[in-house]
Amino acid sequence: MNLTKIYFVLILFSGFFSFGFQSQDKKPLIDVIAEIETKFDVKFSYSVTDMDQVFVEAFKDSESLQFIIDKLNASTNLNFKLLNERYITILPSKKLFRCAVF
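Every chain is numbered on its own, with residues counted from 1 as its sequence reads. Totals for whole chains, interfaces and linings use every residue, but because this is a predicted model, local features are given only for residues with pLDDT of at least 70 and side-chain atom pairs only at 80 or more, for both listing and counting. Hydrogens and waters are ignored; side-chain quantities use all the structure's heavy atoms.

Structural notes on the overall build of the protein
- We count a stretch as a helix when DSSP gives it H or I for four or more residues in a row; a strand needs E for two or more, and each element gets its number in order from the N terminus. The secondary structure content of the protein amounts to four helices and five strands.
- Order of helices (α) and strands (β) in the protein, N terminus to C terminus: α-β-α-β-α-β-α-β-β.
- Two residues qualify as a contact provided that any one of their heavy atoms is within 4.5 Å of a heavy atom in the partner residue. Taking as baseline every contact in the protein between residues at least 6 positions apart, the subset at least 24 positions apart corresponds to 47%.
- Here the open area of atoms and residues is found with the Shrake-Rupley method and a 1.4 Å probe, where only the protein chains shown may cover a residue. Of the roughly 8100 Å² of accessible surface on the protein, a fraction of 61% belongs to carbon and sulfur atoms.

Quick word on the sheet that holds strand 2 (residues 43-45)
- The strand order across the open sheet formed by three strands is 2-5-4, and the pairing between neighbours is mixed. Only two strands of the sheet have a single partner each, and these edge strands are strand 2 and strand 4 (78-82). Between one strand and the next, the sheet's axes are offset by a mean angle of 25 degrees, whatever the strand orientation.
- Looking at chain direction, strand 2 and strand 5 (residues 87-92) are connected through three bridges and run parallel. The pairing criterion is simple: DSSP has to find at least two bridges between the two strands. To get an axis, a line is fitted to the C-alpha atoms, and for a helix only the part in contact is used. The angle between two axes follows their N-to-C directions and goes from 0 to 180 degrees.

Describing the pattern of salt bridges
- Should a side-chain nitrogen of Lys or Arg be within 4 Å of a carboxyl oxygen of Asp or Glu, the pair is scored as a salt bridge. Evaluation of the coordinates by the stated rule reveals three salt bridges.
- Put simply, Lys27 and Glu35 hold a salt bridge, and the shortest N to O gap is 2.4 Å.
- For Lys27, a relative accessible area of 25% puts it in the partly exposed group. Residue burial is assigned from relative accessible area. The probe radius is 1.4 Å, only protein chains are included, and a residue is buried under 20% of its type maximum, exposed over 50%, and partly exposed in between.

Quick notes on helix 4 (residues 65-75)
- Listing the buried residues of helix 4 in full gives Leu65, Ile68, Ile69 and Leu72. Take helix 4 and look down its axis: the buried residues cluster within an arc of 100 degrees, on one side only.
- Close packing links the buried residues of helix 4 with helix 2 (29-40), strand 2, strand 3 (55-57), strand 4 and strand 5. In this description, the arc belongs to the directions extending from the helix axis to the C-beta atoms.

Okay, here's the thing in structure tokens:
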């Protein structure tokens with residue numbers, strides 16, 4: 001019986017620790033955008049209200065601009081569009097979400 005309790009506590013704490021480590025990798029999108037602008041010499045056009053409370057994973061120095069943009073498109077409800085080699089717009093995604101009411 002005591003062995004079962006010990007296993008339960010170990011599993012419970014391991015879940016808390018792993019969740020804590022995963023959340024540390026997330027950064028505010030506004031900060032990530034500033035880093036991208038500096039590193040790649042690009043400019044973003046966006047509404048601050050669209051970025052409010054959006055957190056994303058930090059990018060690695062070895063990742064290309066296109067890879068980062070593709071990753072942001074996939075991981076947020078925002079649409080990142082390259083206008084040219086220097087300017088990128090960010091708009092809310094037009095994905096349709098359906099909600100079922102029972």
